[in-house]
Amino acid sequence: MKILILPGDAIGPEITAVTKAALEALDFRFGLGLELVEREIGLAAFKNVGRTMPEDVMEEIRDTPTTILGPVSTMDYPPEAQGADNPSKAIRKGFDLFANIRPSKTRKGVPSMAKSMDLVIVRENTEGFYADRSMFMGNGEFMPTPDLALAVRKITAEGSNRIARAAFELARTRRKKVTAVHKGNVMRVSDGLFMREVRAVAEEFPDVELDDVIVDAMAARLIRHPETFDVVVTTNMFGDILSDEASELSGGLGLGGAINASNERAIAQAAHGSAPDIAGQNKANPTAHVMSAQMLLQWTASRSGDNELTNAAAHLEAAVDSVLADPANHTGDIGGNAGTREFGEALVKAIGE
Ligand code: ATP
């Protein structure tokens, strides 16, 4: 199985090196026949070929159902017109990866604000308030006059229906509870449509409980009672914000793995950004990136029914848990002194045990 690896910007290459070593160790142990192929994107690609998301890399992603995307420093990119596309947008919109699946859970040995939590945020990934991806042509943000800025939020029945379905299907494999988050008291039309579709899908899943919470109340409830949530489904921007909150509650941004998925393919991409403040210093926590790759293996195995891949994915998560259980392996963001490379070495060792 070919896995395309795109390291990205800032801490991207450092955390990618750990994930790559972990996949090689897993391949050695389980004989998965992985072919790991690395390609340049982001600022490195811009420097070399004048594009942050080169067309040949997009083509290769199209031909490779399993891809791991590193974090990208889009704030440092030149204007899009000069060849600096946002790679996140390019893949999410380009491959219609409508579901951003972001789990957050407390892990043994990892200091966390939450006593205990194990939830998954299922975030709509292709519409909402994301100005750069919600229009067929043009942009969802515009300035009619120098002192007036407007933003259009796109919510469709189809987009809401398919993200709700992804959430209910996931809940069926977990604790069978979906919480839909919206601002329907103010955005009556758009979030009204979102909730109409969530409720319609819920009818098809009578075994799964549905409740709904207004987004501001959710921000508070998540802090007070994170353990009460199982699967949370919401629109793009709310999901982006709440998933960072959930990640922090579970221990930190460096822990949250994630995948972007459609019904046909998934691309691993950690929930955090490129953390330029700590780039190149051997300080980044690679857990989120490794766990994103783990989710990709699990997602692929669940589609193909490959038992060995299922076992390998479970083994990788257990190895991550065992490394995190020892504070000597903790990076600075979670209160430890270990470096990115040292974490990687401990992980490779744990995979082999
Ligand atoms: P984006 O907008 O792409 O989400 P951002 O700049 O808002 O990115 P991040 O880069 O995700 O935010 O992270 C904010 C801060 O959290 C970073 O500057 C860094 O200090 C810390 N951080 C994020 N990811 C990690 C990680 N993997 N390891 C250690 N610290 C991290």
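Residues numbered from 1 in each chain as written. Predicted model: local features only at pLDDT ≥ 70, side-chain atom pairs only at ≥ 80, totals over all residues. Heavy atoms only, no water.

(A) Region of interest: the environment of Phe194. Looking at the element boundaries, Phe194 is found in helix 6 (residues 190–203). On the basis of relative accessible area, Phe194 is assigned to the buried category, the value being 1%. Separated by 49 residues in the primary sequence, Phe194 and Ser243 place their C-alpha atoms 19 Å from one another. Non-local contacts of Phe194, meaning those with residues more than four positions away in its chain, are made with Ile155, Ser160, Ile163, Val181, His182, Val233, Thr234 and Thr235. (Helix = DSSP H or I, 4+ residues; strand = E, 2+ residues; numbered from the N terminus. Buried < 20%, exposed > 50% of the residue type's maximum accessible area, 1.4 Å probe, protein only. Contact = heavy atoms within 4.5 Å.)

(B) Spatial organisation of the nonpolar core. Ranked by internal contacts, the top residues of the largest apolar core, which has 62 residues, are Val122, Ile259 and Leu347. Residue assignment places this core across two domains, with domain 1 (1–104 + 255–353) and domain 2 (113–250) each supplying three or more. Beyond its immediate stretch of four places on either side in the chain, Val122 contacts Asn100, Ile101, Ile163, Ala166, Ala167, Leu170, Val231, Val232, Val233 and Thr234. The next biggest cluster of nonpolar side chains, apart from the first, holds 17 residues, and it includes Val37, Val57, Ile61 and Ala84. (Core = buried A, V, L, I, M, F, W, Y, C linked by side-chain atoms within 4.5 Å. Domains from an automatic or database assignment.)

(C) Summary view of the site of the ligand. In the region of the ligand, the neighbouring residues are Ile11, Leu253, Gly254, His272, Gly273, Ser274, Ala275, Asp277, Ile278, Ala284, Asn285 and Asp333. Contacts to the ligand include Gly273, whose backbone N or O atom sits 2.4 Å from an oxygen atom. In the model, an oxygen atom of the ligand is placed 3.0 Å from a nitrogen or oxygen of the Ala275 main chain. Computed on the free molecule, the ligand has an accessible area of 610 Å², of which 60% lies beneath the protein chains in the complex. (Near = heavy atom within 4 Å. Polar contact = N/O pair within 3.5 Å; in protein donor to acceptor, adjacent residues only side chain to side chain. Areas by Shrake-Rupley, 256 points an atom, 1.4 Å probe, with all protein chains shown as cover.)

(D) Focus on a nonpolar patch on the surface. On the surface, Phe142, Leu148, Leu150 and Val152 cluster together to form a nonpolar patch covering roughly 290 Å² of accessible area. Take Leu148: it is sitting in strand 7 (residues 148–151). (Patch = residues over 30% accessible without salt bridge, like charges linked within 9 Å, V, L, I, M, F, W, Y side chains within 5 Å. Salt bridge = Lys/Arg side-chain N within 4 Å of Asp/Glu carboxyl O.)

(E) Looking closely at the pairing of strand 8 (residues 177–182). Among the six residues that make up strand 8, six are buried, leaving the element largely enclosed by the rest of the structure. Residue alternation in strand 8 divides its side chains into two sets, Lys177, Thr179 and Val181 and Val178, Ala180 and His182, and both sets are buried. When strand 8 meets strand 9 (residues 209–214), the two strands line up parallel, connected through six bridges. In the strand pairing of strand 9, Val181 is matched with Val213. Following the chain from strand 8 across helix 6 to the adjacent parallel strand 9, one finds a crossover that is right-handed. Direction of pairing for strand 8 relative to strand 10 (residues 231–234): parallel, over a ladder of four bridges. Across the sheet, Val178 pairs through a bridge with Val231, a residue of strand 10. (Pairing = 2+ DSSP bridges. Right-handed = clockwise from strand over helix to strand, strands pointing away.)

(F) Layout of the domain arrangement of the protein. Domain parsing of the protein yields domain 1 (1–104 + 255–353) and domain 2 (113–250). Put simply, the middle of domain 1 and the middle of domain 2, counted by C-alpha atoms, are 24 Å apart. On the domain 2 side, the residues contacting the 17 residues of domain 1 number 23 residues. Counting the surface lost from both domain 1 and domain 2, the interface buries some 1700 Å², and carbon and sulfur atoms represent 46% of this. It is Phe98, Arg102 and Ser104 in domain 1 that bury the most area against domain 2; as a group they hold 42% of the surface buried on that side. On the surface where domain 1 and domain 2 come into contact, there are two salt bridges. Across the pair Arg162 and Asp96 runs a salt bridge whose closest N-O atoms are separated by 2.8 Å. (Buried area = accessible area lost by both parts, 1.4 Å probe.)

(G) Molecular detail of the pattern of salt bridges. Overall, the coordinates contain 22 salt bridges when judged by the stated rule. Close ionic contact of Arg175 with Asp118 constitutes a salt bridge, the shortest N to O distance being 4.0 Å. With Arg175 in the loop between helix 5 (157–172) and strand 8 and Asp118 in strand 5 (residues 118–124), this pair connects stretches of sequence that are 57 residues apart. Given a relative accessible area of 30%, Asp118 falls into the partly exposed group. Taking the shortest distance from any N to any O, the salt bridge between Glu204 and Arg165 comes out at 2.8 Å. Note that Glu204 is positioned in the loop between helix 6 and strand 9 and Arg165 in helix 5, a separation of 39 residues in sequence. With relative accessibility at 46%, the residue Glu204 sits in the partly exposed group.

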